[in-house]
Amino acid sequence: MNTHVAQTQVTRATCPYCGTGCGVLIETQQGRITGVQGDPDHPANFGRLCTKGSTLHLTAAASIQQQTRLLRPMRRAQRGEQPSPVSWDAALSEAGDRFAAIIQEHGPDAVGFYGSGQLLTEDYYVLNKLVKGLIGTNNLDTNSRLCMSSAVAGYKATLGSDAPPACYEDLALAQTLFIVGSNTAYAHPILFRRIEDARRANPGMKLIVADPRRTETAEMADLFLPIQPGTDVALFHGMLHVMLAEGLIDTDYVQRHTEGIEALRTVVSDFTPDVVARQCGIPVADLITAARWFGGHTPTLSLYCQGLNQSSRGTDKNAALINLHLATGQIGRPGAGPFSLTGQPNAMGGREVGGMANLLSAHRDLRNEQDRAEVAALWGVSEVPATPGKNAVDMFEAAARGEIKALWIACTNPAQSLPEQQLVRDALARCDYVVVQEAFATTATCGFADLLLPATTWGEKEGTVTNSERRISRVRAAIEPLGEARQDWAILAAFGRELEARLPAHTARYLPGTATLFPYDTAESVWLEHRATTAGRDLDITGLSYQILEEVGPQQWPMRAHATHGQARLYTDGRFPTPNGRARFAAVAFAPVAELPDTSYPFSLNTGRLRDQWHGMSRTGTLGRLFGHVSEPGIELHPQDLAALGLSEGELVRVTSRRGEVVVPAQPSDSVQPRHAFMAMHWGSEYLGGVDSTGRPRGGVNALTTPARCPSSGQPELKHAAVHIQPAALPWQLVAMAWMPASQAMQARERLKPWMNGFSFSTCVPFGREPDERVGVLFRAAHAEPPTLDTVKQIELALGIQGEQVMRYTDWPQGQTRAMQVLPGSDGRTLSAFMLAGDTRAEAWLKPLLQEHALVDAFGRDLLAPGAEPPVAMLSKGKQVCTCFNVCEPDIVIALQRCAGNDQERLARVQAELKCGTNCGSCLPTLRKLARDNASVPQTETS
């Protein structure tokens, strides 16, 4: 008998999450993705992956893809109805008709296009050419506006170009690392592993972290500066004041390579240590130490991200930090420089092709007539529009006013990610025609679409991306697109050709010999045209090719013609891409956050990232294991604030800003300061539901955030809002948890979505350990009064709680009902689902019984018992710390207490025993904190 063993094939690609640009090896068998590994040859990660990257293959499982993916074009006849399948030809024809009619009647600026930092460079390029070259509007922006536009503007204002000057090698070469506005341990975990390596190799390295919150990154710092929100400019000016006073600036470098120091000197003269210490809320001595380490313990490398960027003064914050590097000559040197960490996998690539409302291809300036003429000639059109388009927030505000009548949204979820969610949803509802080009059918924005176009996703895409250190990597498809999904660039090119046939006045602007702007048949044909636009520019890649990327490996730009490799660092000669070759100091004024706390809104809300989730969670949110670290939405408050509100852990609070409100459980946390609060950016309406007093859906955390934005970059202040927090009087509560086949869990969550907006508070999340055959779903709700019993039964049915194996207790006049579903097994009975309505205290012992597959034979009908105390003695595993190996905190603490030696030695022994922290390393900051907080217990000698 012959046995056929499927051969494993391996394809090189990159991770689709943060901008680190980690290389991955995708393993496939018979056209299916079966595994993923870090690419040991990729210079960004050398084989390492974080929890998100190391579980990519699990998100590609057929059981998930079939439930979540958009597999064919879909059309809604009426808003609010379920969409119906249509052919690609019919879909593109309709889109062409609708957009052409609006453009002809109302002009090019009546349409808007909103893209994503997850698009590949080739996708971005075609989108940019479609909007600015054919349609003739600059109303093209991307969600990079929400994360990187202030970094772009800060680099351009000081150094002359959007070009990060440092590289990842500098992490190991720095003597001082200054991390500000970034929880690198969570947001860029693989880079943080490199920082940990560097500190072990160089014990003399100093790490300064400035952040309003004591994050896992701050826990590792030699010096932690817990500044008040929005005071970054004051901090940087104060540090420069000290450096000037103590002679820590590089006078020769400043004289030879910069301009504007005197104007800046005048500004910072008022930022004395005493003044800055009061403004920032830090000790004077710590400010002085930070300045001395930055200017004297060199080389110095700064790492920064959304804490600076997502601000109404984001450009000023970036520029003020760069001032410190220019003043001390800490730029263009190994181990030195201002290094902006990119938030998305290809936000850099989008910036390279000009894929935003104020940019043009290859770092050309939309306001520059010569730059516009160059791009027009390269594209084969007579002109490109000169007026900057509407940025992301402006675009949706214009749609809400009725000025923009059609929106094309590609690979992003504005109904989750943009600030002031009620306005965004009003804009989508008012817009005459909305097209969503997307891989996942489960995002909130898909619910507003008239036309849904299925796009490829990770594992299926072909093209290139650029990471934070300007390194371009080749992305290869490991499998054929699922269903009828198409490459994003191909969708946009096909739509462009549809418009060309319908807009003769626009094609009349084509130069002789230009038959179409979209002649592409492969991703490489797009990339070659993009490459040609970079000739002679600061990001010149005319010496690069797909072949080099495939045979030699990822390369940094610039890589000019005949070069054998890319350039690791920029400005090594002290010359900058400004008219006179000098960098410019930015004499920026300090301004506070857009919304200062007051008596009506006394709390400062800070938003940020979770360790194991990414952005809107359309992919990571499909895996129960990635909810093991933080299992549900919540808001972190200082324990004394929780006590002042008269609340216990897990009780619901109503969080209100000037724009909206959410209801979430409160969690005590020493990492936030008093009168501060923290809530993860990921919790949109897909996971956090509920309606306000008018019955309108709330829209998740961004119902609270402000659209106030930086005047230079247009980036909104998503990081901070002033809020009011009070107990939520919602006495009736429901919690239901169920295991179900993996092929049904996502469908169950979709069935529950309509019920999420039937309560004042609700949440719906997965749990479990893929690739188990069963996946868990948790549904939680609260309301001022009980709903109908039929509503509860419908929730039970959605979770599959039915049949002979269900035990029940009901006293509906009191709003009480409980249901327990048990299943027999070879070893005994286990709890497969439960539902508690009214009195939910028994969740405390029922939840671990269910999650840990514990035998429940000893409980019998006592499973229906109310109250927080279990009727039978039991022991829970506790909070998960290590996602990779499912290691929980109690086991780690017990193991640490058994081990003798210093913290490092004890932790090493625990890792050898339990494996925690030995795979991706994302939990290492938590493990180190546990080692510090839990001393070894002396063992008593026994005879």
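First things first, this report covers the structure right here in the doc. (Residues numbered from 1 in each chain as written. Predicted model: local features only at pLDDT ≥ 70, side-chain atom pairs only at ≥ 80, totals over all residues. Heavy atoms only, no water.)

## Notes on the overall build of the protein
Put simply, the rule is: By the criteria applied, helices consist of DSSP H or I runs no shorter than four residues and strands consist of E runs no shorter than two, each listed in order from the N terminus. Here's how the labels work: a residue is buried when its accessible area is under 20% of the maximum for its type, exposed when over 50%, partly exposed in between, all with a 1.4 Å probe on protein chains only. Pairs of residues are marked as contacts when any of their non-hydrogen atoms sit within 4.5 Å. Only the protein chains shown count as cover for residues, and the accessible areas themselves come from Shrake-Rupley with a 1.4 Å probe.
A count of helical and extended segments in the protein gives 33 helices and 37 strands. Projected onto its principal axes, the C-alpha positions of the protein cover 80 × 75 × 70 Å. Relative to its full complement of 943 residues, the protein shows a buried share of 64%. Long-range contacts, defined here as pairs at least 24 residues apart, represent 71% of the contacts in the protein between residues at least 6 apart. Summing over all exposed atoms, the protein offers an accessible surface of approximately 33200 Å²; the carbon and sulfur share of this is 49%.

## Brief notes about the packing of aromatic side chains
Aromatic ring pairs are defined here through the distance separating the ring centres and the angle between the ring planes. Note the threshold: Stacked, edge-to-face and tilted labels apply to pairs of Phe, Tyr and Trp rings (six-membered ring for Trp) whose centres lie within 6.5 Å, assigned for plane angles under 30 degrees, over 60, and everything in between, in that order.
Applying the stated criterion across every chain, the model contains 21 aromatic pairs. Each ring, one from Phe 627 and one from Trp 683, has its centre 6.4 Å from the other, and the planes form 45 degrees; the classification is tilted. Placement of the pair is Phe 627 in the loop between strand S23 (603-608) and strand S24 (635-637) and Trp 683 in the loop between strand S27 (676-680) and strand S28 (688-689), with a sequence separation of 56 residues. For the pair shown, Phe 627 and Trp 683 are each scored as buried. Ring centres of Trp 739 and Phe 767 lie 4.9 Å apart, and the angle between their planes is 70 degrees; this geometry places the pair in the edge-to-face category. Of this pair, Trp 739 sits in strand S30 (residues 732-741) while Phe 767 sits in strand S31 (residues 761-767); the two residues are 28 residues apart in sequence, bridging distant segments of the chain. Trp 739 sits in the buried class, given a relative accessible area of 7%.

## Quick word on the sheet that holds strand S20 (residues 471-475)
For the record, the criterion: In short, DSSP must find at least two bridges between two strands for them to pair.
Pairing is antiparallel across the open sheet formed by three strands, whose spatial order is S19-S20-S21. The open sheet terminates on both sides in strands that have one partner only, identified here as strand S19 (463-466) and strand S21 (555-556). Inspection of the sheet shows S19 paired to S20 by four bridges, in the antiparallel sense. Paired with Val 465 across the two strands is Ser 473, which belongs to S20.

## Brief notes about the side chain of Gln 344
Heads up, the rule is: Any N or O atom pair separated by 3.5 Å or less is treated as a polar contact, with the protein-specific requirement of one donor-capable and one acceptor-capable atom, and with residues adjacent in sequence counted only for side-chain atom pairs.
Structurally, Gln 344 can be placed in the loop between strand S13 (337-340) and helix H18 (347-352). Within the structure, the side chain of Gln 344 is placed 2.7 Å from the side chain of Asn 143, a separation counted as a polar contact. In contact with Gln 344, other than residues within four places in its own chain, are Tyr 17, Cys 18, Gly 19, Ser 116, Gly 117, Gln 118, Asn 143, Ser 144, Cys 147, Trp 614 and His 615.

## A short note on the pairing of strand S17 (residues 433-438)
Extensive coverage of S17 is indicated by the burial of six of its six residues. Judged by which residues are buried, S17 turns out to be covered on both faces: Tyr 433, Val 435 and Gln 437 on one side and Val 434, Val 436 and Glu 438 on the other are all buried. Where strand S16 (residues 406-410) meets S17, five bridges bridge the pair, whose relative direction is parallel. For Trp 408, the partnering residue across the bridge sits in S17 and is Val 435. Looking at chain direction, S17 and strand S18 (residues 451-454) are connected through four bridges and run parallel. Bridging across to S18, Val 436 finds its partner in Leu 452.

## Quick notes on the nonpolar core
Heads up, the condition is: Nonpolar core, defined: a set of buried Ala, Val, Leu, Ile, Met, Phe, Trp, Tyr and Cys residues in which side-chain atoms within 4.5 Å join the residues together.
Residues Phe 99, Phe 113, Leu 130, Phe 178, Leu 235, Met 239 and Trp 408 are the most contacted members of the largest nonpolar core, which totals 116 residues. By residue number, the principal contributor to this core is helix H11 (residues 232-245), which donates nine residues. For Phe 99, the residues in contact, after removing those within four places along its chain, are Val 111, Phe 113, Ala 406, Leu 407, Trp 408, Tyr 433, Val 435, Phe 495 and Leu 499. Counting residues in each nonpolar core, the second largest holds 52 residues, with Val 663, Ala 677, Ile 725 and Leu 846 among its members.

## Points about helix H4 (residues 88-106)
Applicable threshold: An expected span of 1.5 Å times one less than the residue number is assigned to each helix.
For H4, built from 19 residues, the straight-helix expectation of 27 Å at 1.5 Å per residue is met to within 8% by its first-to-last C-alpha distance of 27 Å. Every buried residue of H4 is listed here: Trp 88, Ala 91, Leu 92, Glu 94, Ala 95, Gly 96, Phe 99, Ala 100, Ile 102 and Ile 103. Just past H4, the residue Gly 107 takes up positive phi, approximately 95 degrees.

## Quick look at the environment of Arg 265
Relative to the helices and strands, Arg 265 resides in helix H13 (residues 261-268). For the pair formed by Arg 265 and Arg 696, sequence separation is 431 residues and the distance between their alpha carbons is 52 Å.

## Examining the sheet that holds strand S1 (residues 9-14)
As a reminder of what qualifies: An axis is simply a line fitted to the C-alpha atoms; with a helix, the fit covers only the stretch in contact. Between two such axes, the angle follows the N-to-C directions and lies from 0 to 180 degrees.
Taken in spatial order, the three strands of this open sheet run S1-S2-S3, and their pairing is antiparallel. Pairing within the sheet leaves two strands with one partner each, and these edge strands are S1 and strand S3 (32-38). Going across the sheet, the axis of each strand differs from the next one's by a mean of 30 degrees, ignoring polarity. Where strand S2 (residues 23-29) meets S3, six bridges bridge the pair, whose relative direction is antiparallel.

## What to know about the pattern of salt bridges
Rule in force here: Salt bridges are defined as contacts in which a side-chain nitrogen from Lys or Arg sits within 4 Å of a carboxyl oxygen from Asp or Glu.
Scanning all chains against the criterion turns up 50 salt bridges. Between Arg 265 and Glu 262 there is a salt bridge; the shortest N-O distance is 3.5 Å. Here Arg 265 and its partner Glu 262 are both found in helix H13, three residues apart, which amounts to about one turn of the helix. A residue is classified by how much of its surface remains accessible, and Arg 265, at 34% relative accessible area, is partly exposed. Across the salt bridge formed by Glu 595 and Arg 658, the nearest N and O atoms sit 3.8 Å from each other.

## Here's the deal with unusual backbone geometry
In this model, Thr 298 is joined to Pro 299 through a cis peptide bond whose omega is 5 degrees. Tracing the sequence through the fold places Pro 299 in the loop between helix H15 (284-296) and strand S12 (300-304). A positive phi angle is found at Phe 46, which is not glycine, with a value near 45 degrees. Of note, Arg 470 is a non-glycine position whose phi angle comes to about 65 degrees, a positive value. Counting through the fold element by element, Arg 470 comes out in the loop between S19 and S20. Judged by relative accessible area, Arg 470 falls into the buried class, the value being 0%.

## Things to note about the packing of H11 against H13
Operational definition: In this scheme, roughly parallel covers angles under 35 degrees and roughly antiparallel covers those over 145, while 65 to 115 is roughly perpendicular and the rest are oblique. Residue polarity follows a fixed list, in which Ala, Val, Leu, Ile, Met, Phe, Trp, Tyr, Cys and Pro are nonpolar, Asp, Glu, Lys and Arg are charged, and the others, Gly among them, are polar.
Packing of H11 against H13 brings their axes to within 9 Å, and their N-to-C directions diverge by 105 degrees. Classified by the angle their axes make, H11 and H13 are roughly perpendicular. Facing H11, whose interface residues are His 237, Leu 240, His 241 and Leu 244, H13 presents Leu 264, Arg 265, Val 267 and Val 268. Broken down by class, the residue content of the contact of H11 with H13 amounts to five nonpolar, two polar and one charged.

## So, the pairing of S19
As a general feature of sheets, a regular strand has side chains that alternate between the two faces. The alternating pattern of S19 places Gly 463 and Val 465 on one face and Thr 464 and Thr 466 on the opposite face, and all of these are buried. Connecting S19 to the antiparallel partner S20 that follows it, the hairpin turn spans four residues, and Arg 470 within it adopts a positive phi of roughly 65 degrees.

## Considerations on helix H31 (residues 889-898)
This is how it is decided: Each direction from the helix axis to a C-beta atom contributes to the arc, which is the arc of those directions.
Of the residues making up H31, those classed as buried are Ile 892, Val 893, Ala 895 and Leu 896. When H31 is viewed along its axis, its buried side chains cluster within an angular range of 165 degrees and face the same direction. Buried-residue contacts for H31 involve strand S36 (880-882), strand S37 (887-888), helix H32 (903-914) and helix H33 (924-933).

## Observations concerning the side chain of Arg 698
Within the fold, Arg 698 resides in the loop between S28 and strand S29 (720-727). In this view, Arg 698 contacts Gln 421, Arg 654, Glu 661, Val 662, Val 663, Gly 689, Gly 690, Val 691, Asp 692, Ala 703 and Ser 760; residues no more than four positions away in its chain are not counted.

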